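Chain by chain, the residues:
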Amino acid sequence: MKKLTLSQLIFAAICCDMGLFAKKLIGPAANIVTESLHIPGGIATSFSLMFLVVAAAVLKCHGCATVMAVVQSILAFAFGMTGSMGALAPIGYILPGIVIDVCLFISQKISQDTSSGIMPASVASSVCAALVANLLVFRLSGIILAVYVLVAATSGAICFVIASILVKRLIPILYPHTAKEQKAT
């Protein structure tokens, strides 16, 4: 991992916290959708993962999302927010973080720009979180599992739109010298 400035570390910490608390805020509204479909969550998790995607895309630091996911899992234990996974919650946090890092790394290698990897990272991490939750807790199969994964992928795609807007607005704030250089050219 490259060396991050204090403001970048504070930004990463805020994104970790926002991910946890946003999940609690959007949870009741998301439960209305998931209960009507008779599937477990997935929407609130995608919204929570969006903050990891935003931080990893803005900071452009390999392994950033994984480290943030580890921090989130520790915070989730400390705050008692492990949900239905209980002691296995760190797996549910860390694996989507790894998926985010892999997607952003591949997109950076292909196009030299991490912003092109925001959508695949958002969708893939949401699907990964749904599959991990299913494997550890829910044990769904067939059409119900397909609906669960599709809802997670759809909510990940919707969160991509929000994440891409946030990334475009946050890069000039965290990297003001880059924004000045782009305006000069």
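Going by the structure above, here's the rest.
Residues numbered from 1 in each chain as written. Predicted model: local features only at pLDDT ≥ 70, side-chain atom pairs only at ≥ 80, totals over all residues. Heavy atoms only, no water.

## So, the overall build of the protein
Move 1: The number of helices and strands found in the protein is seven helices and zero strands.
Move 2: Written out in order from the N terminus, the α and β elements of the protein read α-α-α-α-α-α-α.
Move 3: For the protein, the C-alpha radius of gyration of 16 Å lies close to 16 Å, the compact-globule estimate for 185 residues.
Move 4: Taking the principal axes of the C-alpha coordinates as reference, the protein spans close to 55 × 30 × 30 Å.
Move 5: Considering the protein as a whole, with its 185 residues, one finds that 42% of them fall into the buried category.
Move 6: Sequence-distant contacts, at least 24 apart, represent 73% of the contacts inside the protein between residues at least 6 apart.
Move 7: Carbon together with sulfur atoms contributes 72% to the accessible area of the protein, which is approximately 9,600 Å² in total.
Move 8: Each charge class in the protein can be summarised by its mean position, and for the 11 positive and 5 negative side chains these summaries are 4 Å apart. (Helix = DSSP H or I, 4+ residues; strand = E, 2+ residues; numbered from the N terminus. Rg over C-alpha atoms; globule rule 2.2 N^0.38 Å. Buried < 20%, exposed > 50% of the residue type's maximum accessible area, 1.4 Å probe, protein only. Contact = heavy atoms within 4.5 Å. Areas by Shrake-Rupley, 256 points an atom, 1.4 Å probe, with all protein chains shown as cover. Lys, Arg positive; Asp, Glu negative; His and termini not counted. Charge placed at Lys NZ, Arg CZ, Asp CG, Glu CD.)

## Here's the deal with helix α1 (residues 6–36)
Move 1: Along its 31 residues, α1 runs 44 Å from first to last C-alpha, staying within 8% of the 45 Å computed at 1.5 Å per residue.
Move 2: Of all bends in α1, the biggest is about 50°, found at G27, and the proline P28 comes one to four residues later.
Move 3: Listed as buried for α1 are Q8, F11, A12, C15, C16, G19, L20, A22, G27, A30 and T34.
Move 4: Packed against the buried residues of α1 are α2 (43–59), α3 (64–79), α4 (89–111) and α6 (142–174).
Move 5: The positive-phi residue at the C-terminal boundary of α1 is H38, with phi of around 60°. (Expected span 1.5 Å × (residues − 1). Bend = angle between axes of the 7 residues up to and from the residue.)

## Topic: the environment of K24
Move 1: Structurally, the position occupied by K24 is in helix α1.
Move 2: The spatial distance from the C-alpha of K24 to the C-alpha of M81 is 8.9 Å, given a sequence separation of 57 residues.

## Side note on the nonpolar core
Nonpolar side chains in soluble globular proteins tend to end up buried together.
Move 1: By size, the foremost hydrophobic cluster in this structure holds 33 residues, and its most contacted members are F11, V54, V58, L59, M68 and I100.
Move 2: Listing elements by their share of this core, those giving two or more residues are α1, α2, α3, α4, α5 (118–138) and α6.
Move 3: The element that contributes the greatest number of residues to this core is α2, accounting for 11 residues.
Move 4: Setting aside its immediate chain neighbours within four residues, I100 contacts L49, L52, V53, A56, A65, A121 and S125.
Move 5: Listed in part, the 13 residues of the second largest apolar core include A30, I39, I43 and A153. (Core = buried A, V, L, I, M, F, W, Y, C linked by side-chain atoms within 4.5 Å.)

## Digging into the packing of aromatic side chains
The description of two aromatic rings rests on the distance between their centres and on the angle between their planes.
Move 1: The final tally for this structure, using the stated rule, is three aromatic pairs.
Move 2: Ring centres of F138 and Y148 lie 6.1 Å apart, and the angle between their planes is 90°; this geometry places the pair in the edge-to-face category. Residue F138 is located in helix α5, and its partner Y148 is located in helix α6; the two are separated by 10 residues in the primary sequence.
Move 3: Since its relative accessible area comes to 3%, Y148 is described here as buried. (Phe/Tyr/Trp six-rings, centres within 6.5 Å; stacked < 30°, edge-to-face > 60°.)

## Let's talk about the side chain of D101
Move 1: Relative to the helices and strands, D101 is located in helix α4.
Move 2: A relative accessible area of 12% means that D101 is categorised as buried.
Move 3: Of the polar contacts made by the side chain of D101, one reaches the side chain of T66; its length is 2.5 Å.
Move 4: The residues contacting D101, other than those within four sequence positions of it, are G63, C64, A65 and T66. (Polar contact = N/O pair within 3.5 Å; in protein donor to acceptor, adjacent residues only side chain to side chain.)

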